[in-house]
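# Working through the structure, step by step
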Amino acid sequence: MRKCLLSLVLSMLSVYLSAQNNVVDKIVAIVGEEIILKSDIENEFLSEQSQGVISSSSDYRADILEKQLIQKLLVAQAKIDSIVVTEDEVEAEVNNRIQYFTSVLGSKERVESYFNKSLVDIKNDLRAPTREKLIAESMQQHIVDKIRSTPSEIKSYYKKLAKDSLPDIPDKYEIQQIVLKPTVSDAEKERLRDRLRSFRDQILNGEKTFNTLAVLYSEDGASSRGGELGYMSKTEMVPEFAEAAFNLKPGKISKIVETEFGFHIIQLIDRQGEKINVRHIILQPKVTDEEREEALHRLDTIRTYIMDNKMTFEEAAHYFSTDKKTRNNGGLMAAADGDSRIEKAAIGGEMARQVNRMKVGQVSEPFNERTEHGEELKIIKIKAFYPQHKANLEDDWMIFEMMLKRDKQMEKLEKWIKEKQADTYIHLDDDYKNSKFRYEGWIK
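What you see is a predicted model; the values in this text were computed from it and never measured.

Helix and strand counts for the protein come out as 14 helices and 13 strands. Structurally, the protein occupies a C-alpha span of about 80 × 65 × 40 Å along its principal axes. Sequence separation of at least 24 residues holds for 66% of the intrachain contacts in the protein that already meet a minimum separation of 6. If you sum the accessible surface of the protein, you get close to 24900 Å²; carbon and sulfur atoms cover 50% of it.

Let's shift gears to the sheet that holds strand β1 (residues 27-31). Overall, antiparallel pairing links the three strands, which are arranged β2-β1-β13 in an open sheet. Taken across any chain shown, the strands that pair with only one partner, and hence form the sheet edges, are β2 (34-37) and β13 (426-428). Across the sheet, the mean angle from the axis of one strand to that of its neighbour is 20°, orientation sign disregarded.

Moving on, we get to the packing of helix α3 (residues 60-80) against helix α6 (residues 119-144). Packing of α3 against α6 leaves a shortest axis separation of 8 Å and a crossing angle of 75°. Here α6 runs roughly perpendicular to α3, going by the angle between their axes. Within the contact between the two elements, α3 uses Gln71, Lys72, Leu74, Val75, Gln77 and Ala78 and α6 uses Glu132, Lys133, Ile135, Ala136, Met139, Gln140 and Ile143. Each residue belonging to the contact of α3 with α6 can be placed in one class, and the counts come to seven nonpolar, three polar and three charged.

The residue Lys286 is located in the loop between β8 (275-283) and α11 (289-307) in this model. The sequence separation of Lys286 and Val120 amounts to 166 residues, and the corresponding C-alpha distance is 41 Å. Apart from residues lying up to four places away in sequence, Lys286 is in contact with Glu188, Arg191, Glu219 and Glu291. Polar contacts involving the side chain of Lys286 include one to the side chain of Glu219, which spans 3.2 Å.

This next bit is on the sheet that holds strand β11 (residues 374-386). The strands that make up a sheet are held in pairs by hydrogen bonds between backbone atoms, and each pair lies either parallel or antiparallel. Read from one edge to the other, the open sheet built from four strands follows the order β9-β4-β11-β10, with strand pairing classed as antiparallel. Bordering the open sheet on either side are β9 (342-343) and β10 (367-371), each of which pairs with just one other strand. Bridge analysis of strand β4 (residues 172-180) against β11 gives nine bridges, and the strand direction is antiparallel. Looking across to β11, one finds that Val179 is bridged to Lys378. Contacting β4 and β11, helix α12 (residues 313-320) runs over the sheet at an angle of about 40° to β4.

Before going further, it helps to examine the pattern of salt bridges. Here the structure, examined in full by the defined rule, presents 29 salt bridges. Residue Arg193 pairs with Glu190 through a salt bridge whose shortest N-O separation is 3.7 Å. Of the two residues, Arg193 and Glu190 are both situated in helix α8 (residues 186-204); the distance of three residues between them amounts to about one turn of the helix. Its relative accessible area of 33% is what places Glu190 among the partly exposed residues. Linking Glu414 and Arg438 is a salt bridge whose minimum nitrogen-to-oxygen distance equals 2.1 Å. On the criterion of sequence distance, the pair formed by Glu414 in helix α14 (residues 397-423) and Arg438 in the segment after β13 is long-range, its members being 24 residues apart. Since its relative accessible area comes to 19%, Glu414 is described here as buried. One continuous salt-bridge network, built from bridges that share partners, spans Lys189, Glu190, Arg193, Asp194, Arg197 and Glu258.

Turning our attention to the environment of Asn328. Considering the arrangement of structural elements, one finds Asn328 in the loop between α12 and β9. As a C-alpha pair, Asn328 and Glu315 span 13 residues in sequence and 9.2 Å in three-dimensional space. In this structure the side chain of Asn328 is engaged in a polar contact, spanning 3.5 Å, whose partner is the side chain of His318.

Within the structure shown, the criterion is met by four aromatic pairs. On the basis of an interplanar angle of 70° and a centroid distance of 4.9 Å, the ring pair of Tyr158 and Phe400 is categorised as edge-to-face. Of this pair, Tyr158 sits in helix α7 (residues 151-160) while Phe400 is found in helix α14, placing the two residues 242 residues apart along the sequence. In terms of burial, Tyr158 and Phe400 fall into one category: buried. Looking at Lys163, its charged tip hangs above the ring of Tyr158, at a distance of 4.7 Å from the centre. The ring of Tyr386 has Arg341 sitting right over it, with the charged end atom 3.9 Å from the ring centre.

Turning to α14, a few remarks are in order. For α14, with 27 residues, the first-to-last C-alpha span of 40 Å sits near the 39 Å given by 1.5 Å per residue. Three or more residues of α14 are buried, namely Phe400, Met403, Leu404, Leu413, Glu414, Trp416, Ile417, Lys420 and Gln421. Looking at the buried side of α14, the elements it contacts are α3, α6, α7 and β13.

Rules and cut-offs
Residues numbered from 1 in each chain as written. Predicted model: local features only at pLDDT ≥ 70, side-chain atom pairs only at ≥ 80, totals over all residues. Heavy atoms only, no water. Helix = DSSP H or I, 4+ residues; strand = E, 2+ residues; numbered from the N terminus. Contact = heavy atoms within 4.5 Å. Areas by Shrake-Rupley, 256 points an atom, 1.4 Å probe, with all protein chains shown as cover. Pairing = 2+ DSSP bridges. Axes fitted to C-alpha atoms, helices over the stretch in contact; angles between N-to-C directions. Parallel < 35°, antiparallel > 145°, perpendicular 65-115°, else oblique. Nonpolar A, V, L, I, M, F, W, Y, C, P; charged D, E, K, R; others polar. Polar contact = N/O pair within 3.5 Å; in protein donor to acceptor, adjacent residues only side chain to side chain. Salt bridge = Lys/Arg side-chain N within 4 Å of Asp/Glu carboxyl O. Buried < 20%, exposed > 50% of the residue type's maximum accessible area, 1.4 Å probe, protein only. Phe/Tyr/Trp six-rings, centres within 6.5 Å; stacked < 30°, edge-to-face > 60°. Lys NZ or Arg CZ within 6 Å of the ring centre and 35° of its normal. Expected span 1.5 Å × (residues − 1).

Put into structure tokens, the structure is as follows:
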């Protein structure tokens, strides 16, 4: 699996870098003042071929060319409409790509070694295509941004859909939770602080690098990247972490920071506008059996209050839960997209085992769950269950609202492309004039 992912990443990166090694090249298309090179087509073809992408078209290179023609059309119009992206946005996207490539290849040194280029040169190669891609996306969003649908339009859209084309909606649950994190002893907290002080001293004395210690000892998913978290704004960080991180200068290391997730030391890598890229080492407290049992006993008492109708689940979540994301909305959990209805397939671990044996309205016994943020003890309640069904307007209004919006956006974009083809200078190389395109207006 990792080998396949590595191959995919390398082919993606090659699209941007290998064109410069082509000795023979030529212009195959011009859109306004924007040009498309033969190498652009060939590199994209090789990239998609290596990814196993298969087109139903007999002329796959023409498909690739048309996608690039549309992008150039968007970029050309963006210049007219003064649609721009900031250098901070470009730099953040370039750095995100480098971070992703590094996480797969294992280190920045390996990225440099594979392409025989420094990271500075690789970033320089990535900036132009990244800027163009972001500009095209911004222009496209500008074209379709104001599309809205009325309730009557959504109802009419639903009625026109063939019943056998309606999407299948999987089993979904609404789940409430009350979370307790076991109390951590002062001795355990001091043990972690001592260890982080040792790491900090080793870094400052030049004995070890921050990256090395993060890979060896940091206790979260970023450890494989040397603790690097990528560009984030203040609102994407918990307050204590953000306060320490945003007060750092590049290369400097914070004092020990305690958050709800554990104990950290932080190093600032770079700042881009309102976002910063940092690396950290996090150590999570170890919980003793006695501390765990104490928390489980507290949860059992809370469950008894609920079962005896001394308080509602919502009230108990507000007063007792340590989970900041859910305690103020009755403990109601949310899926990654923010929807309170969570697909059954997305529920894993001990939570899934509890859900599978519960009915709507039931409150679970206390149980232990391991998360990336450490150990959590919780009780849950099944607020509602939505069994698998064909999508319908009553239960799945938002799905049809999004489907209609998507169709409207595509219709408007296609209309815009045809209009711009008519009044934009477009020239195609003779090799492509017999190609079959979706939009006929490319050949004049």
